[in-house]
Amino acid sequence: MKINRFYFNMLPVNTYLLWDADSHECAIVDAGCYYPKEEEVLSKFIEDNHLTVKYLLATHLHFDHSFGNAFVAQKYGVGLSASKDDEFLLQNMPEQCRAFGIPFHGKVQPIGQYISEENRFSLGNEELTAIPVPGHSPGSLAFYAPESKFVLSGDALFQQSIGRTDLPGGNYRQLIESIHNGLLTLPDDTIVYPGHGPETEIGIERQANPFL
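Residues numbered from 1 in each chain as written. Predicted model: local features only at pLDDT ≥ 70, side-chain atom pairs only at ≥ 80, totals over all residues. Heavy atoms only, no water.

Engineer: I tried to follow the environment of Asp85 on my own but got confused; where do I start?
Structural biologist: Relative to the elements of secondary structure, Asp85 occurs in the loop between strand S5 (80–82) and helix H3 (87–91). On the basis of relative accessibility, which here comes to 48%, the residue Asp85 falls in the partly exposed class. Along the backbone, Asp85 and His60 are 25 residues apart, and their C-alpha atoms lie at a distance of 9.3 Å. Those residues within four positions of Asp85 in sequence are excluded, and the remaining contacts are Pro138 and Gly139. (Helix = DSSP H or I, 4+ residues; strand = E, 2+ residues; numbered from the N terminus. Buried < 20%, exposed > 50% of the residue type's maximum accessible area, 1.4 Å probe, protein only. Contact = heavy atoms within 4.5 Å.)

Structure (structure tokens):
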């Protein structure tokens, strides 16, 4: 059974909800809910589709991708799964927000499970595989669903662009290497769902991305 996916554009971050149609197990990836209305939209979709939240996953832990983690963890009783290498970003989240002129509210959700290379997360009969893509942040990850032929690239790879590397822990050379070794090795027809902006495909980015 292929994984279904839906995304919500929040502040504006692409928050992804992936679910298996048979088991109704779902994963929330990059919970970017900042406003109460965004929390309502997410929870209503889960309720209307009778989904059970199994995972709360993070491609990375920059503030804009993390605002909704505490809400999801508390409401659905799931721990946050993310890379240990990004844990320092949780410790300075208020400072991150101030640097961008965004008021910080709520609380910071700690990591409950560290994701290591090749960790797999099952939804029904299909699995998501974690692929390390450091460079945008030290612990950046992508989540690949081979049967459904898509990858969530976080802020590593965008349509005709790549993630910024001027934030704490960023490394341009490492990001380029990560994309080549971790993402561009995937099949050309793999759909790329990034952390911001529209979707693309691996083959398109391999051939036409000016940064690669």
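Engineer: Would you mind going over the environment of Pro187 with me for this structure?
Structural biologist: Mapped onto the fold, Pro187 is located in the loop between helix H5 (172–183) and strand S13 (191–194). The class of Pro187 is partly exposed, set by a relative accessible area of 42%. On a C-alpha basis, the gap between Pro187 and Gln74 in space is 37 Å, while along the polypeptide they are 113 residues apart. Among all residues touching Pro187, those that are not within four sequence positions of it are Tyr144 and Ile202.

Engineer: How should the side chain of His62 be read in this particular structure?
Structural biologist: Note on placement: His62 falls in the loop between strand S4 (52–57) and helix H2 (69–76). Residue classification places His62 among the buried positions, given a relative accessible area of 5%. Among the polar contacts made by the side chain of His62, one reaches the side chain of His136 at a distance of 3.1 Å. Sequence-distant contacts of His62, that is, excluding residues within four places in its chain, are made with Leu89, Gln96, His136, Ser137 and Leu167. (Polar contact = N/O pair within 3.5 Å; in protein donor to acceptor, adjacent residues only side chain to side chain.)

Engineer: Before we go on, may I ask you to explain the sheet that holds strand S9 (residues 141–145) in this structure?
Structural biologist: The pairing of strands in a sheet comes from backbone hydrogen bonds and takes either a parallel or an antiparallel form. Pairing is mixed in the open sheet, where six strands are placed in the order S7-S8-S9-S10-S13-S14. For this open sheet the edge positions go to strand S7 (120–123) and strand S14 (200–201), each flanked by a neighbour on one side alone. (Pairing = 2+ DSSP bridges.)

Engineer: So what exactly am I meant to see when it comes to the layout of surface pockets here?
Structural biologist: The gaps of empty space that remain are located by a probe, the size of a water molecule, rolled over the atoms. There is about 290 Å³ of room inside the largest pocket. Ranked by the residues each element gives to the lining of the largest pocket, the list is headed by helix H4 (residues 93–99), at three residues. Residue composition of the lining of the largest pocket, by class: eight nonpolar, eight polar and four charged. (1 Å grid on protein atoms, 1.4 Å probe; cavity = no way out; pocket = protein on both sides within 12 Å on 5 of 7 lines; lining within 4 Å. Points joined across faces, edges and corners; volume = space filled by probe spheres on them. Nonpolar A, V, L, I, M, F, W, Y, C, P; charged D, E, K, R; others polar.)

Engineer: Can you help me understand the nonpolar core in this one?
Structural biologist: Generally speaking, soluble globular proteins have nonpolar side chains that are buried together. Leu17, Ile28, Leu56, Leu61 and Val72 are the most contacted members of the largest nonpolar core, which totals 28 residues. Listed in part, the 18 residues of the second largest apolar core include Tyr55, Phe143, Phe150 and Ile191. (Core = buried A, V, L, I, M, F, W, Y, C linked by side-chain atoms within 4.5 Å.)

Engineer: Looking at this model, I keep getting lost on the side chain of Thr200. Mind explaining?
Structural biologist: By the secondary structure assignment, Thr200 is in strand S14. Apart from residues lying up to four places away in sequence, Thr200 is in contact with Phe158, Gln159, Thr190, Ile191, Val192 and Glu205.

Engineer: Explain the environment of Leu183 here, please?
Structural biologist: When you line up the elements, Leu183 lands in helix H5. We classify Leu183 as buried; its relative accessible area is 0%. Along the chain, Leu183 and Val151 lie 32 residues apart, while their C-alpha atoms are 8.5 Å from each other. Each residue touching Leu183, except ones within four places of it in the same chain, is listed here: Val133, Ala142, Val151, Ser153, Leu157, Ser178 and Ile202.

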